[in-house]
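Remarks on the overall topology
Here is how the chains run, residue by residue.
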Amino acid sequence: MTETNGTRRDDAHQERTDQLTFQNPVTRYPVVEPPIQDQPEPGLDVELEPKTDRGEFSYRGTGRMEGRKALITGADSGIGAAVAIAFAKEGADVALNYLPDEQPDAQVVKGIIERAGRTAVLLPGDLTDKNFCERLVEDAVNGLGGLDVLVNNAGKQIAVESLEELEDEQLVDTFTVNILAMFRITKAALRHLPAGSSIINTTSIQAYEPSPDLLDYASTKAAINNFTKGLGQQLAPKGIRVNAVAPGPFWTPLQVTSGQPKEALPEFGQSTPLGRAGQPTELAPAYVFLASPESSYVIGETLNVNGGSPSP
Ligand code: NAD
Ligand code: MG
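To start, this report covers the structure provided alongside it. What you see is a predicted model; the values in this text were computed from it and never measured.

The subject of this paragraph is helix H2 (residues 103-115). The end-to-end C-alpha distance of H2, which contains 13 residues, comes to 18 Å, matching closely the 18 Å that a straight helix rising 1.5 Å per residue would cover. The elements touched by buried residues of H2 are helix H1 (78-89), strand E4 (93-98) and strand E5 (120-124). At the exit of H2 stands Gly117, carrying a positive phi of roughly 85°.

Here it is in structure tokens:
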């Protein structure tokens, strides 16, 4: 961790107020003005500049997920990490999936979950492997002693200027991670989820407002919305609720692993009505709401958390 003026950079968010403090959303966080940077996929939060707030100090739990058991994919960094931290602070034990190269980020999140007094089960593995998707669910169930929340959050996003330049390998990988793995993991989880369980899928504002350089990614996000609404109806009679969260621009490692054109990074998120990119922990309350029993009549919904951009 780098020392800057005697303070550890990773602690930049230590002094923040929590999510329940009355405050102005415009100024809750400074405008993110990232320097142009590049990381190889999958990217690490520990290398990201500036650092993100995933809620270690700023998320306050209120006992809304006491004793729950959650599996979260892409849980080492960014949005998934913020959700894992919030779930733990709400009283849940969490199984975290991520790619083996992301072990340094996963260790950080595990430490935060354990300091919150909860269990973190680390389950690294590649979601493009069909067999791993099934094994992941079994390992999560064994590690947690059951399962009643599934957050399908892992995602691949690589910007490509033209369709002619979109390699078939990227096309297949993006669809496999973003939507096929979601089908496979959810299918494997169904035999374990009791009535009262919640499935939450991470989609995107790209589902309705596709960027011209994200054709493959945006298509998968539209598919996720559709999957959520169909499956929500199928599982409602069993007492299992399926919903989605659609983030707008959030500052995470996804953006510096070619998720955005490099030159777009310094202005990232500034065109939203709120005028700034979101911090990952600002998404966590949406997932907590959809996971907790308080949202018992909410099914097939996509909750938009995007700084004010009009969305269906
Ligand atoms: P992130 O890079 O922190 O998380 C993405 C995660 O996906 C990675 O940490 C990695 O663990 C996982 N992943 C990718 N390929 C994988 C594979 N083959 N096997 C297993 N895991 C794999 O970035 P994030 O922004 O937190 O992304 C989380 C989700 O949020 C993604 O679904 C993304 O599409 C969605 N999203 C992000 C934004 C944003 O602005 N950051 C906006 C809309 C939607
Ligand atoms: Mg990651």
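On to the site of ligand 1. The environment of ligand 1 is made up of 30 residues, and the closest members are Ser77, Glu102, Asn153, Tyr217 and Thr252. Contacts to ligand 1 include Ile79, whose backbone N or O atom sits 2.8 Å from an oxygen atom. Between ligand 1 and the protein, one listed contact pairs an oxygen atom with a side-chain N or O atom of Glu102 at 2.5 Å. Against a free-state accessible area of 800 Å², the protein chains account for coverage of 96% of ligand 1. Looking at the shell around ligand 1, the elements that each hand over two or more residues are H1, E4 and helix H5 (215-235). By residue class, the composition of the shell around ligand 1 is twelve nonpolar, 14 polar and four charged.

Of the protein atoms, only Asp76 (OD), Ser77 (OG) and Glu102 (OE) coordinate the magnesium ion (ligand 2), at distances of 2.1 to 2.2 Å. Counting gaps between the donor residues of the magnesium ion (ligand 2) yields the pattern D-S-x24-E. Taken as a pair, Ser77 in the loop between strand E3 (69-73) and H1 and Glu102 in the loop between E4 and H2 lie far apart in primary sequence, 25 residues in all.

For the rest of this paragraph, the subject is the nonpolar core. Counting 35 residues, the largest nonpolar core has Ile72, Phe87, Leu96, Ile113, Val151, Val245 and Tyr287 as the members making the most contacts within it. Beyond its immediate chain neighbours, meaning those up to four positions away, Phe87 contacts Met65, Ala70, Ile72, Ala92, Val94, Val149, Val151, Tyr287, Val288 and Ala291. Counting residues in each nonpolar core, the second largest holds 30 residues, with Cys133, Leu136, Leu144 and Leu150 among its members.

Here we take up the side chain of Asp105. Following the sequence through the fold, Asp105 ends up in helix H2. Summary of buried charges: Asp105 has no salt-bridge partner, and the nearest side chain of opposite charge, Arg54, is 5.5 Å away. The contacts of Asp105, once residues within four sequence positions are left out, are Gly43, Leu44, Asp45, Val46, Asp76 and Ser77.

What follows deals with unusual backbone geometry. For the bond from Glu41 to Pro42, the omega torsion is 5°, close enough to zero to count as cis. By secondary structure assignment, the location of Pro42 is in the loop between strand E2 (7-8) and E3. Here the amide bond leading from Glu49 into Pro50 is cis, since omega sits at -5°, within 30 degrees of zero. Positioned with a positive phi, Ser258 is a non-glycine residue whose angle comes to about 75°. Structurally, Ser258 can be placed in the loop between strand E8 (241-247) and helix H6 (284-291). When its relative accessible area of 29% is taken as the criterion, Ser258 is described as partly exposed.

Turning next to the pairing of strand E7 (residues 198-202). With respect to burial, E7 is a largely interior element, five of its five residues being buried. The two faces of E7 match: Ser198, Ile200 and Thr202 on one face and Ile199 and Asn201 on the other face are all buried. In terms of strand pairing, strand E6 (residues 149-152) meets E7 through four bridges, oriented parallel. Each residue of the ladder has a partner; that of Asn152, found in E7, is Asn201. For the crossover from E6 across helix H4 (residues 168-190) to E7, the handedness is right-handed. Of the strand pairs in this sheet, E7 and E8 are connected by five bridges, and their pairing is parallel. The residue of E8 that forms the bridge with Ile200 is Asn243.

Calculation criteria
Throughout this description, residue numbers start from 1 for each chain and increase along the sequence as written. Chain A is the first chain written and ligand 1 is the first ligand written, with later ones labelled in order. Local features are withheld for residues below a pLDDT of 70 in this predicted model, meaning they are given only at 70 or higher, and side-chain atom pairs are given and counted only at 80 or more; totals for whole chains, interfaces and linings count all residues. No hydrogens and no water enter the side-chain calculation; it runs on all heavy atoms of the structure. A run of H or I in DSSP becomes a helix once it reaches four residues, and a run of E becomes a strand once it reaches two; helices and strands are each numbered from the N terminus. The span expected for a helix works out to 1.5 Å for each residue beyond the first. Throughout, a residue-residue contact means that at least one pair of heavy atoms, one from each residue, lies within 4.5 Å. Only a single heavy atom is needed: when it lies within 4 Å of a molecule or strand, its residue is near that molecule or strand. In protein, a polar contact requires one atom able to donate a hydrogen and another able to accept it; more generally it is a pair of N or O atoms within 3.5 Å, and residues adjacent in sequence count only if both atoms are side-chain atoms. Method for areas: the Shrake-Rupley scheme with a 1.4 Å probe, in which residue coverage is limited to the protein chains shown. The classification used treats Ala, Val, Leu, Ile, Met, Phe, Trp, Tyr, Cys and Pro as nonpolar, Asp, Glu, Lys and Arg as charged, and all other residues, Gly among them, as polar. The donor set comprises N, O and S atoms within 2.8 Å of the metal, extended to 3.2 Å for Na, K and Ca; water molecules are omitted, so apparent gaps in a site may simply reflect that omission. We call a set of buried Ala, Val, Leu, Ile, Met, Phe, Trp, Tyr and Cys residues a nonpolar core when their side-chain atoms join them within 4.5 Å. Only protein chains enter the accessibility calculation, which uses a 1.4 Å probe; a residue whose area is less than 20% of its type maximum is buried, one above 50% is exposed, and one in between is partly exposed. Neither His nor the chain ends is counted toward charge; the positive residues are Lys and Arg and the negative residues Asp and Glu. Just to be clear on terms, a salt bridge is a Lys or Arg side-chain nitrogen sitting within 4 Å of an Asp or Glu carboxyl oxygen. The pairing criterion for strands is at least two bridges between them, as found by DSSP. Note on handedness: a crossover is taken as right-handed if, strands pointing away from the viewer, the path from the first strand over the helix to the second is clockwise.

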